[in-house]
Amino acid sequence: MNKDKMIEWIVTHNTGISSRTMWTALMGVQPKSASPLVSFDIPYDSADFSRCYDLVSFCGINPAYDFPKITAVFPWYAPILDRWETLSLLYERKQWGKFTEIMYEAISESRNLRGIKTY
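Residues numbered from 1 in each chain as written. Predicted model: local features only at pLDDT ≥ 70, side-chain atom pairs only at ≥ 80, totals over all residues. Heavy atoms only, no water.

1. Focus: the packing of aromatic side chains
Per the counting criterion, the structure on display carries eleven aromatic pairs. Ring centres of Tyr53 and Tyr91 lie 4.9 Å apart, and the angle between their planes is 50 degrees; on these two criteria the pair is classed as tilted. You can see Tyr53 sitting in helix H3 (residues 46-58) and its partner Tyr91 sitting in helix H6 (residues 84-92), a full 38 residues away along the chain. (Phe/Tyr/Trp six-rings, centres within 6.5 Å; stacked < 30°, edge-to-face > 60°. Helix = DSSP H or I, 4+ residues; strand = E, 2+ residues; numbered from the N terminus.)

Structure (structure tokens):
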């Protein structure tokens, strides 16, 4: 992970809650959940995922080395990161049906880890 690129990314790229969540953990910033202006979450669709994908690509994030830093802070992010390679490939190939199917599985697992009921 290139820290200079991480700093550049946060101020010059399109960010969202899910990508900022990854960034927070990777940069070692302590999340403060009490703030009404800051929230943390996973991606929920291809648009959310695109910003996370951009973060990983632009900043030279190594999934094997860096993803455990994210799950150490946000354990409920694991279902997305466990499927990262597959989701990335489907995203690159624009195979939206399969992408959405796998994303929904990960979302359901993440919600269960957070204690949020899924219907």
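2. Quick look at the packing of helix H2 (residues 17-27) against helix H4 (residues 63-73)
Across the interface, H2 lies against H4 with an axial gap of 8 Å and an inter-helix angle of 100 degrees. By the angle between their axes, H2 is roughly perpendicular relative to H4. Within the contact between the two elements, H2 uses Met22, Ala25 and Leu26 and H4 uses Asp66, Phe67, Lys69, Ile70 and Val73. Grouping the amino acids of the contact of H2 with H4 by side-chain chemistry returns six nonpolar, no polar and two charged. (Axes fitted to C-alpha atoms, helices over the stretch in contact; angles between N-to-C directions. Parallel < 35°, antiparallel > 145°, perpendicular 65-115°, else oblique. Contact = heavy atoms within 4.5 Å. Nonpolar A, V, L, I, M, F, W, Y, C, P; charged D, E, K, R; others polar.)

3. Describing the pattern of salt bridges
For the structure shown, the criterion picks out five salt bridges. Between Arg51 and Asp48 there is a salt bridge; the shortest N-O distance is 2.8 Å. In this pair, Arg51 and Asp48 both sit in helix H3, three residues apart, roughly one turn of the helix. Assessed through its relative accessible area of 17%, Arg51 is described here as buried. Across the salt bridge formed by Glu109 and Arg83, the nearest N and O atoms sit 2.5 Å from each other. Here Glu109, found in helix H7 (residues 96-114), pairs with Arg83, found in the loop between helix H5 (78-82) and H6; they are 26 residues apart in sequence, far enough to count as distant. (Salt bridge = Lys/Arg side-chain N within 4 Å of Asp/Glu carboxyl O. Buried < 20%, exposed > 50% of the residue type's maximum accessible area, 1.4 Å probe, protein only.)

4. Some remarks on the nonpolar core
By size, the foremost hydrophobic cluster in this structure holds 30 residues, and its most contacted members are Met22, Tyr77 and Trp84. When neighbours within four sequence positions are excluded, Met22 is seen to be in contact with Cys52, Leu55, Val56, Phe67, Ile70, Tyr77, Leu81 and Trp84. (Core = buried A, V, L, I, M, F, W, Y, C linked by side-chain atoms within 4.5 Å.)

Function-wise, these values are silent; they only describe arrangement.
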